[in-house]
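A structural walkthrough
The chain contents come next:
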Amino acid sequence: MQNLVLLDLDGTLYVDNQALPGAAHTLTSLRRHYRLAFLTNTTTQNAASIIDKLLKMGIEVTVEELFTPVQASLQYLTAWEQNHSRKARVWPLVDEALRNDFSHCIFDETTPDVVILGDIGERWNLGLINQLFRCLNQGSELVALHKNRYWQTAQGLKADIGFFVAGLEYVSGQKAKIMGKPSAEFFRQALVRFNCSADESLMVGDDIDSDVGGAQAAGIRGVLVQTGKYRAHYCEQALIDPWAVITDITALPHLLERTQN
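So, here is what we can say about the structure in this document. As the structure is a prediction and not an experimental result, all values here were calculated from the model. (Residues numbered from 1 in each chain as written. Predicted model: local features only at pLDDT ≥ 70, side-chain atom pairs only at ≥ 80, totals over all residues. Heavy atoms only, no water.)

1. Some details on the overall build of the protein chain
Tallying secondary structure elements over the protein chain gives nine helices and 15 strands in all. For a compact globule of 261 residues, the expected C-alpha radius of gyration is about 18 Å, and the protein chain comes in at 18 Å, within 12% of that figure. Across the 261 residues in the protein chain, those meeting the buried criterion constitute 53%. Sequence separation of 24 or more characterises 68% of the internal contacts of the protein chain that already satisfy a separation of 6 or more. If you sum the accessible surface of the protein chain, you get close to 12,100 Å²; carbon and sulfur atoms cover 51% of it. Within the protein chain, one finds 23 positive and 30 negative side-chain charges whose respective centroids are separated by 3 Å. (Helix = DSSP H or I, 4+ residues; strand = E, 2+ residues; numbered from the N terminus. Rg over C-alpha atoms; globule rule 2.2 N^0.38 Å. Buried < 20%, exposed > 50% of the residue type's maximum accessible area, 1.4 Å probe, protein only. Contact = heavy atoms within 4.5 Å. Areas by Shrake-Rupley, 256 points an atom, 1.4 Å probe, with all protein chains shown as cover. Lys, Arg positive; Asp, Glu negative; His and termini not counted. Charge placed at Lys NZ, Arg CZ, Asp CG, Glu CD.)

Below, the structure is given as structure tokens:
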């Protein structure tokens, strides 16, 4: 029996600033029978801003229900500092809205212990890439908030930071530590956070790689919604077999009712 339903946000409950039809009502219906948690790779806003954005769209989520790659990376840095018995020198290459989340660390863009790579939009350029390359070659750890290939916007799909993470891995010979989806460890941390086992949980999202693949690597059943970045031709070629595929989030209550009876 499912006790915890883990839900992606962008592409599953909304696209850009528009809630998908029936999303808010579906959450209300689900809350009558299940605990809900929300796992997002959104790294252009802090947790409070994400909650505010959702509320403006009529989607009610609390901070306690939200788990993000930033939270996972802060847990990683805490463990790093405990292991090294000192403050970490960190280059948080993230959106300005997130820099305060790393304020307890020592900022260092020359010889950092850890590079935290997030969404920085149009700030990418060859000079920045070479600066990162030098840091990684000198021993800095590469920590990526996520490794999404692309994301859905009102104008269509756009390349995500997975493009840059993969490139930096290639030129440096270093494997990035992925804090968000599709890392199985991210999902395991979420299960600990929400005090639930994998076999009592379900993950729902529009990304067959990050949402479904990552969850199922952690032993959590994955449900793919045919909204957001979902593309039939890509999913048909993927090596990931979702536990279930539904048209959109409004079909989830019926799926759960049908599979648990």
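2. A look at helix H5 (residues 162–172)
Listing the buried residues of H5 in full gives Gly 162, Val 165, Leu 168, Glu 169 and Ser 172. For H5, the angular spread of the buried residues around the axis is 130°, confining them to a single face. In H5, the exposed positions angled more than 90 degrees off the buried face are occupied by Phe 163 and Tyr 170. Where H5 is buried, its residues touch strand S8 (114–117), helix H4 (126–137), strand S9 (141–144) and strand S12 (177–178). Residue Gly 173 follows H5 closely and has a positive phi angle near 75°. (Arc of directions from axis to C-beta.)

3. A word on the sheet that holds S8
Within the open sheet, the five strands sit side by side as S7-S6-S8-S9-S12. Their pairing is parallel. The sheet is open, and its two borders are formed by strand S7 (106–107) and S12, each paired with just one other strand. Direction of pairing for S9 relative to S12: parallel, over a ladder of two bridges. If you follow Val 143 over to S12, its bridge partner there is Lys 177. (Pairing = 2+ DSSP bridges.)

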